Amino acid sequence: MKQITNTILMIRPVGFRRNEQTAVNNYFMEEMQLQNKAINDKAQQEFDAFVVALRAKGVEVIVIEDTLKSDTPDSIFPNNWISFHANGTVAIYPMFAENRRKERREDILDRLEELGFIIEHVMDYTIAEEEGLFLEGTGSILMDREHQKVYCALSARADEELLIEFCEDFDCLPVIFTAYQTVEGERLPIYHTNVMMCLGEQYAVICLDAIDDKKERKNVMHHLKQDGKEIVAITEEQMHHFAGNMLQVAGKDNQRYLVMSSAAYHSLRSDQLSQLQKYNPIIHSSLDTIETCGGGSARCMMAEVFLPKV
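A. Just helix α2 (residues 106–114), in detail. Taken as a whole, α2 has its buried residues at Ile 108, Leu 109 and Leu 112. Along α2, the residues classed as buried sweep out an arc of 100° about the axis, all on the same side. Turned more than 90 degrees from where α2 packs its buried face, Glu 106 and Glu 114 sit exposed. Next to the buried residues of α2 lie β1 (7–12), β2 (60–65), β3 (82–84), β4 (89–92) and β5 (121–124). After α2 finishes, the residue Gly 116 shows a positive phi value of roughly 100°.

What follows is the structure, given as structure tokens:
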């Protein structure tokens, strides 16, 4: 099974701002002294430049405009509510913030089918919201599709039972741990696995310092090494510049690229960049407004499309 794809779904924001409902446990978000309209304008500029950078390398980007009908400040991060799989399955996920649940749009599936993608089956986990249980897509779960494993840092947005249900449905082995960050002197769970970890075909970028439990850390490293991944360890400081929030994609002629924000790129040391550039060139773009107000970065903005085509 392929680990990476060259087709990405992205949602262009129309009402992007700091979401007060996600700020309660996303400690990557910061206040910006700007009016909401100015924040959205800047986010759109960053989004458009990012899409141009991806398309210039031959990455297929399907852009869907968000709608003003519903108040969806985080719609720019579609990977949290949907994932697409090579067997024609689409998974729809339960979301922690109530206003993020409005991001789930049937018309997006219709659009993909119009473009020739085959959707055989929809796995809908959203009923779990009624019990206050959440699993936020490929934000919470990092899939090693090739080795049928799922890495997940448990948090308020990643429930263990739901994760195990997902792994049973998709025939994957769960690799479970908890990842922490220091917030005002206190160790608190990191809200999404994909801000501290990225899985490429031949490497893993990971903030091992965030896994406080030595047994858990050892277990994660065991699985990565077992599958032949070179481990590129980042610091907690680099993680806060979104150096864990990256995605490997395929471009023109199946050339591999690693995609990240410019903040993430500039936080990496030259030896870390060399480790990564052995495997693929890097695409980076400035996402400062999106990162500051949204608490997410490049990887969160891209929902990978693995669906078969007609």
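B. Representation of the sheet that holds strand β6 (residues 141–144) within the structure. With mixed pairing, three strands are arranged side by side in an open sheet as β6-β7-β8. The open sheet has two free edges, formed respectively by β6 and β8 (173–177), since each of these has just one partner strand. Across the sheet, the mean angle separating the axes of adjacent strands is 20° when strand polarity is ignored. Examined bridge by bridge, strand β7 (residues 149–153) and β8 share five bridges and lie parallel to one another. Across the sheet, residue Val 150 finds its bridge partner in β8, namely Pro 174.

C. Main features of the pattern of salt bridges. Within the structure shown, the criterion is met by 18 salt bridges. Asp 212 is the salt-bridge partner of Arg 187, the closest N and O atoms lying 2.7 Å from each other. Of this pair, Arg 187 sits in strand β10 (residues 186–189) while Asp 212 sits in the loop between β12 (203–206) and α5 (214–226); the two residues are 25 residues apart in sequence, bridging distant segments of the chain. By relative accessible area, Arg 187 is classed as partly exposed at 30%. Here the salt bridges do not stand alone but share partners, grouping Arg 12, Asp 48 and Glu 65 into one network.

D. Here's a closer look at unusual backbone geometry. Residue Glu 184 is not a glycine yet carries a positive backbone phi of 50°. Mapped onto the elements of the fold, Glu 184 is located in the loop between β9 (180–183) and β10. On the basis of relative accessibility, which here comes to 83%, the residue Glu 184 falls in the exposed class. In the Ramachandran plot, Phe 242 falls in the positive-phi region, its phi being about 70° despite a non-glycine side chain.

E. A look at the state of the cysteines. Counting across every chain of the model gives zero disulfides. With no disulfide of its own, Cys 152 lies closest to Cys 167 among cysteine sulfurs, the gap being 8.1 Å. Taking the relative accessible area as the measure of exposure, Cys 152 reaches 0% and is therefore buried.

F. Looking closely at a negative patch on the surface. Among the surface-exposed residues, Glu 130, Glu 131, Glu 160 and Glu 161 lie close enough to one another that they form a single negatively charged patch. With respect to the helices and strands, Glu 161 occurs in helix α4 (residues 160–169). With a relative accessible area of 64%, Glu 161 lands in the exposed category.

G. Local environment of the packing of aromatic side chains. Summed over the entire model, instances satisfying the criterion amount to six aromatic pairs. With centroids separated by 6.1 Å and ring planes inclined at 50°, the aromatic side chains of Tyr 125 and Phe 166 adopt a geometry described as tilted. You can see Tyr 125 sitting in the loop between β5 and α3 (137–140) and its partner Phe 166 sitting in helix α4, a full 41 residues away along the chain. Between Tyr 203 and Tyr 279, the aromatic rings sit 5.4 Å apart at their centres with planes inclined by 35°, giving tilted as the arrangement. Taken together, the positions of Tyr 203 in strand β12 and Tyr 279 in the loop between α8 (270–277) and β16 (282–285) put the pair 76 residues apart, joining distant regions of the chain. Tyr 203 gets classed as buried once you look at its relative accessible area, which sits at 0%.

H. Spatial organisation of the sheet that holds strand β15 (residues 256–261). The three strands are arranged β14-β15-β16 in an open sheet whose pairing can be described as mixed. One side of each edge strand has no neighbouring strand; the edge strands of this open sheet are β14 (247–250) and β16. If you compare each strand with its neighbour and ignore which way they point, the axes differ by 35° on average. Where β15 meets β16, four bridges bridge the pair, whose relative direction is parallel. Within β16, the residue paired with Ser 261 across the bridge is Ser 285.

Cut-offs and rules
- Each chain has its residues counted from 1, running along the sequence as written.
- Local features are withheld for residues below a pLDDT of 70 in this predicted model, meaning they are given only at 70 or higher, and side-chain atom pairs are given and counted only at 80 or more; totals for whole chains, interfaces and linings count all residues.
- Calculated side-chain values reflect all of the structure's heavy atoms, with hydrogen atoms and water omitted.
- Burial classes follow relative accessibility: with a 1.4 Å probe on protein chains only, a residue under 20% of its type's maximum area counts as buried, one over 50% as exposed, and anything between as partly exposed.
- Secondary structure counts use DSSP, requiring at least four H or I residues in a row for a helix and at least two E residues in a row for a strand, with both numbered from the N terminus.
- An arc is given here, and it is the one of the directions from the helix axis to the C-beta atoms.
- Any pair of residues with heavy atoms lying within 4.5 Å of one another is described as a contacting pair.
- A pair of strands counts as paired when DSSP detects no fewer than two bridges linking them.
- Angles run from 0 to 180 degrees between N-to-C directions of axes, and those axes are lines fitted to C-alpha atoms, restricted for helices to the stretch in contact.
- The rule for a salt bridge is simple: a side-chain nitrogen of Lys or Arg has to be within 4 Å of a carboxyl oxygen of Asp or Glu.
- In plain terms, two cysteine sulfur atoms within 2.5 Å form what is called a disulfide here.
- Only residues whose relative accessible area exceeds 30% and that form no salt bridge are eligible for patches; like-charged ones are grouped when within 9 Å, while nonpolar side chains (Val, Leu, Ile, Met, Phe, Trp, Tyr) are grouped when within 5 Å.
- Per-residue and other accessible areas were derived by the Shrake-Rupley procedure at a 1.4 Å probe size, with only the shown protein chains allowed to occlude residues.
- In this charge count, Lys and Arg are treated as positive and Asp and Glu as negative; neither His nor the chain ends contribute.
- All charge positions are set by atom: Lys at NZ, Arg at CZ, Asp at CG, Glu at CD.
- Here is the rule: rings of Phe, Tyr and Trp (six-membered ring for Trp) pair when centre to centre is within 6.5 Å. Planes less than 30 degrees apart are stacked, more than 60 are edge-to-face, and the remainder are tilted.

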